[in-house]
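# Architecture at a glance
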Amino acid sequence: MQLANSVEGNSSAAGGVRNASRQDAAAVHKLLRMGVYVHLHIDWRLPGEWLDRPGFVVCEQGGGVGNAGESGSSDDDSPIRIIGCMAVAAEPLPAAWVRVAAVDSVAGFAQAEAMFAAILAGLDPAINEIAWFLTDYWPLHWLERLGFVPISNVISYRKEGLSVPDFTPPPGLEIRPLLIEDIPALAAMEAAAFEPRWRHSDDDLFRAWRQSLSFTVALLGGEPVAFQFSTGGDGNAHLSRMTVHPNKQGLGIGAALLADAMTGYRLQNITTVTLNTQADNWPSQRLYERFGFVQTGSSYPVWSYSPKR
């Protein structure tokens, strides 16, 4: 995993902001449970997996940024307390996401600003974008002030039942479960099919396989041309990813892969399926709507920051 780099060993930098360490695990965990504002976009990892790595920073009360965004101070009898944390990670390069952000006050913008500045100060030069996926409304209070701009929306679909429309798969198409040796080819397929911010790395795909309800690969002539993986259980599945190589789109591979996934869901007593897709991904929307998926009305904005070099 590539993470934004920040300066080691300067606990007073940016007014109480410093790199997180393993010793902060309990305090960070508590903040993520009890914080007033908490953002998590961790995909297949846990927040603690980024501790001790560049790009995960914490803000301490008494280090110059107070609880309400004012200069603060601490004395020898008052233990330093973590009042904010933030992590930026690129997996894979060159696009990064804000993976973790939390503060313990409604007036926590000063902490967020200081933490983001500390991350930017030593950002990996290979990172050319930092994106923020909004699942809650509250980050909108921060994003413009931090320099982010809106770039996209992710919309949600839902399907009750597992009916499948008529479709014609291409001759010779084979669909089977993932083999570990497929992963490099699937990561290369991601790079060919998506803009950097939406791609999965080899490590992401391996972790997704370990946590998936199903993970299947479509092959033509023995070569991987598409794949899907799904999560869920207890009667529900979420189609987390479906990727078709750009050179093989329009041949019916996506329909065949989705129909095969539905068969697998049925064997696991799944009755409801959900998925997300980009609002401007019209081919995917047409496919899903053909299969009976309907929009839920939920959408999730994506904001982007371009680092200044």
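The structure this text deals with has already been given above.
Keep in mind that this is a model prediction, so the values were computed, not measured.

So, about the pattern of salt bridges. Under the definition given, this model contains 14 salt bridges. When the shortest N-O distance is used, the salt bridge between E49 and R207 registers 2.9 Å. Taken as a pair, E49 in the loop between β3 (37–40) and β4 (56–61) and R207 in helix α5 (residues 202–211) lie far apart in primary sequence, 158 residues in all. Judged by its relative accessible area of 27%, E49 is partly exposed. By relative accessible area, R207 is classed as partly exposed at 22%. The shortest N-O distance in the salt bridge between R158 and E160 comes to 2.8 Å. Salt bridges sharing partners connect three or more residues here, namely R45, E49, E91, D203, D204 and R207.

Summed over the entire model, instances satisfying the criterion amount to 18 aromatic pairs. A ring pair is formed by Y288 and F293, whose centres lie 5.9 Å apart and whose planes are at 65°; its orientation type is edge-to-face. On the basis of relative accessible area, Y288 is assigned to the buried category, the value being 5%. The side chain of R145 reaches across the aromatic face of F109, ending 3.7 Å from its centre. Over the ring of F194 we find R241, and its NZ or CZ is 4.2 Å from the ring centre.

It is worth spelling out the pairing of strand β13 (residues 272–278) at this point. Extensive coverage of β13 is indicated by the burial of 5 of its 7 residues. Pairing of strand β8 (residues 149–160) with β13 involves 7 bridges; the strand directions are antiparallel. Its bridge partner lying in β13, S156 is registered against N276. Examined bridge by bridge, strand β12 (residues 236–244) and β13 share 4 bridges and lie parallel to one another. By the bridge assignment for β13, N236 is matched with T272. With helix α6 (residues 253–267) bridging β12 and its parallel neighbour β13, the resulting β-α-β unit is right-handed.

Below, the discussion takes up the packing of α6 against helix α7 (residues 282–290). At a minimum axis distance of 11 Å, the contact between α6 and α7 shows a crossing angle of 45°. With respect to each other, α6 and α7 are oriented oblique. The element α6 and its partner α7 pack so that their crossing is right-handed. Between α6, through G254, A255 and L258, and α7, the contact on the second element is made entirely by L287, Y288 and R290. Class assignment for the residues of the contact of α6 with α7 results in 4 nonpolar, 1 polar and 1 charged.

A cis amide bond, omega 5°, links E91 with the succeeding residue P92. When you line up the elements, P92 lands in the loop between β5 (81–90) and β6 (95–103). At the junction of L93 and P94, the peptide bond is cis and its omega measures out at 10° in the coordinates. Locating P94 in the fold gives a position in the loop between β5 and β6. Backbone geometry places D43, a non-glycine residue, at a positive phi of 50°. Position of D43 among the secondary structure elements: in the loop between β3 and β4. Residue classification places D43 among the partly exposed positions, given a relative accessible area of 40%.

Attention now moves to the nonpolar core. M86, V98, I130, W132, W142 and F148 are the most contacted members of the largest nonpolar core, which totals 31 residues. Taken together, the elements giving at least two residues each to this core come down to β4, β5, β6, α2 (109–121), β7 (129–133), α3 (140–146) and β14 (294–305). No other element matches α2, which puts 7 residues into this core. Apart from the residues within four sequence positions on either side, F148 is in contact with V98, F116, I130, A131, W132, L143, W303, S304 and Y305. Core analysis: the second largest hydrophobic core is formed by 28 residues, I253, L258, Y288 and F293 among them.

About the cut-offs
Residues numbered from 1 in each chain as written. Predicted model: local features only at pLDDT ≥ 70, side-chain atom pairs only at ≥ 80, totals over all residues. Heavy atoms only, no water. Salt bridge = Lys/Arg side-chain N within 4 Å of Asp/Glu carboxyl O. Helix = DSSP H or I, 4+ residues; strand = E, 2+ residues; numbered from the N terminus. Buried < 20%, exposed > 50% of the residue type's maximum accessible area, 1.4 Å probe, protein only. Phe/Tyr/Trp six-rings, centres within 6.5 Å; stacked < 30°, edge-to-face > 60°. Lys NZ or Arg CZ within 6 Å of the ring centre and 35° of its normal. Pairing = 2+ DSSP bridges. Right-handed = clockwise from strand over helix to strand, strands pointing away. Axes fitted to C-alpha atoms, helices over the stretch in contact; angles between N-to-C directions. Parallel < 35°, antiparallel > 145°, perpendicular 65-115°, else oblique. Left-handed = near helix turned anticlockwise from the far one by under 90°. Contact = heavy atoms within 4.5 Å. Nonpolar A, V, L, I, M, F, W, Y, C, P; charged D, E, K, R; others polar. Core = buried A, V, L, I, M, F, W, Y, C linked by side-chain atoms within 4.5 Å.

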